[in-house]
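Next come the chains, spelled out residue by residue.
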Amino acid sequence: GITIAGCESSCVMTIKDEWPDLLVGDKRAREVANSTLMVEDVLANTVGDHKQQINFSGTEKDVKFFGHCHQKAITGTSSSITALGLPPGYRVTEIEAGCCGMAGSFGFEKDHVKLSMSCGQDRLFPSILNESEKTEIAINGVSCRQQIEYGTSRIPRHLLEILADAIKE
C-alpha cells in the first residue's frame, strides 16, 4: 500500500530519510520510507491517469513556490511545482533561494536569530519582496512559513490552500 503523510514536508522527509536509520535492520522501516509520499507527489503522479481527477476552475493566479530544505535535499521540488501547475490559470515558478534560515527551531533560538535572518535576507526575502502583492507565495514547510512571514510581512500559504482556491464548486 501507499502511505500518505498529511503533515508538512519535513515530517514526510523525516520518515523517508531518518526512519530506516533509527530502526536499523528493520526491513519494514525501509518499506514505509519508500512508500511514504507527500500529497503533491500523489497529485503530480495521478494527473491524467484516466481515474478521477480534480476539476479546477480557470482562476488566474501567479504563484511562487519555496520548497523546504529537507524536501529539496531528499526528493526535490518538481512534484510541488507540477501540482501547483494543475489549475489551468496558475502561472507557477520556483523561488531560487537557499535555506530560509529557520531550519526547524534553529531560527527561534536567541543565539541564532541574527544568522537565521541573514540566510533569509540573502536571496529569499528580496525575491518575495520584489513580487506583486497579488502573487501568492506557496510553501509546504511550517518553519519556512514562519520565517517568510517574519522576514517579509507576507503571509505564505501551504500549496494545498492555494490549490483549493481553484477547485470548481
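Residue numbers run consecutively from 1 along every chain, following the written order of its sequence. In keeping with the model being predicted, local features are shown solely for residues with a pLDDT of at least 70 and side-chain atom pairs are shown and tallied solely at 80 or more, while totals for entire chains, interfaces and linings include all residues. With hydrogens and water excluded, all non-hydrogen atoms of the structure serve as input to the side-chain values.

Visitor: Quick one: what's the story with the packing of helix α7 (residues 113-129) against helix α8 (residues 142-152), residue by residue and with numbers?
Guide: Following both chains from N to C, one finds α7 and α8 inclined at 75°, their axes separated by 10 Å at the closest point. In terms of orientation, α7 lies roughly perpendicular with respect to α8. Each of Ser116, Met117, Leu124, Phe125, Ile128 and Leu129 in α7 lies in contact with α8, whose residues at this interface are Gln147, Ile148, Tyr150, Gly151 and Thr152. For this scheme, ten residues count as nonpolar: Ala, Val, Leu, Ile, Met, Phe, Trp, Tyr, Cys and Pro. Four count as charged, namely Asp, Glu, Lys and Arg, and the remainder, Gly too, count as polar. Among the residues making up the contact of α7 with α8, the classes are represented as 7 nonpolar, 4 polar and no charged. Note on geometry: axes are C-alpha line fits, over the in-contact stretch for helices, and angles between N-to-C directions span 0 to 180 degrees. Put simply, DSSP marks the helices as runs of H or I at least four residues long and the strands as runs of E at least two long, and each gets a number from the N terminus on. For classification purposes, an angle smaller than 35 degrees is called roughly parallel, one larger than 145 roughly antiparallel, one from 65 to 115 roughly perpendicular, and anything else oblique. Throughout, a residue-residue contact means that at least one pair of heavy atoms, one from each residue, lies within 4.5 Å.

Visitor: So, the sheet that holds strand β3 (residues 61-66): which residues are in play, and what are the values?
Guide: Pairing within the open sheet is parallel, and its 4 strands lie in the order β4-β3-β5-β6. Strand pairing shows two members of the sheet lacking a second neighbour, β4 (90-94) and β6 (157-158), which therefore form its edges. When DSSP finds two or more bridges between a pair of strands, those strands are recorded as paired. Direction of pairing for β3 relative to strand β5 (residues 136-139): parallel, over a ladder of 4 bridges. Looking across to β5, one finds that Phe65 is bridged to Ala138. Across the sheet, α8 lies against β3, β5 and β6, angled at about 150° from β5, the strand it touches most.

Visitor: So what about helix α1 (residues 9-17)? Which residues, and what values?
Guide: Burial classes follow relative accessibility: with a 1.4 Å probe on protein chains only, a residue under 20% of its type's maximum area counts as buried, one over 50% as exposed, and anything between as partly exposed. Buried within α1 are the following residues: Ser9, Ser10, Val12, Met13 and Lys16. End-on view of α1: buried residues confined to an arc of 160°, all on one side of the axis. Check the buried side of α1 and you find it contacts α2 (19-22), α3 (27-35), β2 (36-37) and α5 (69-74). As used here, the arc belongs to the directions running from the helix axis to the C-beta atoms.

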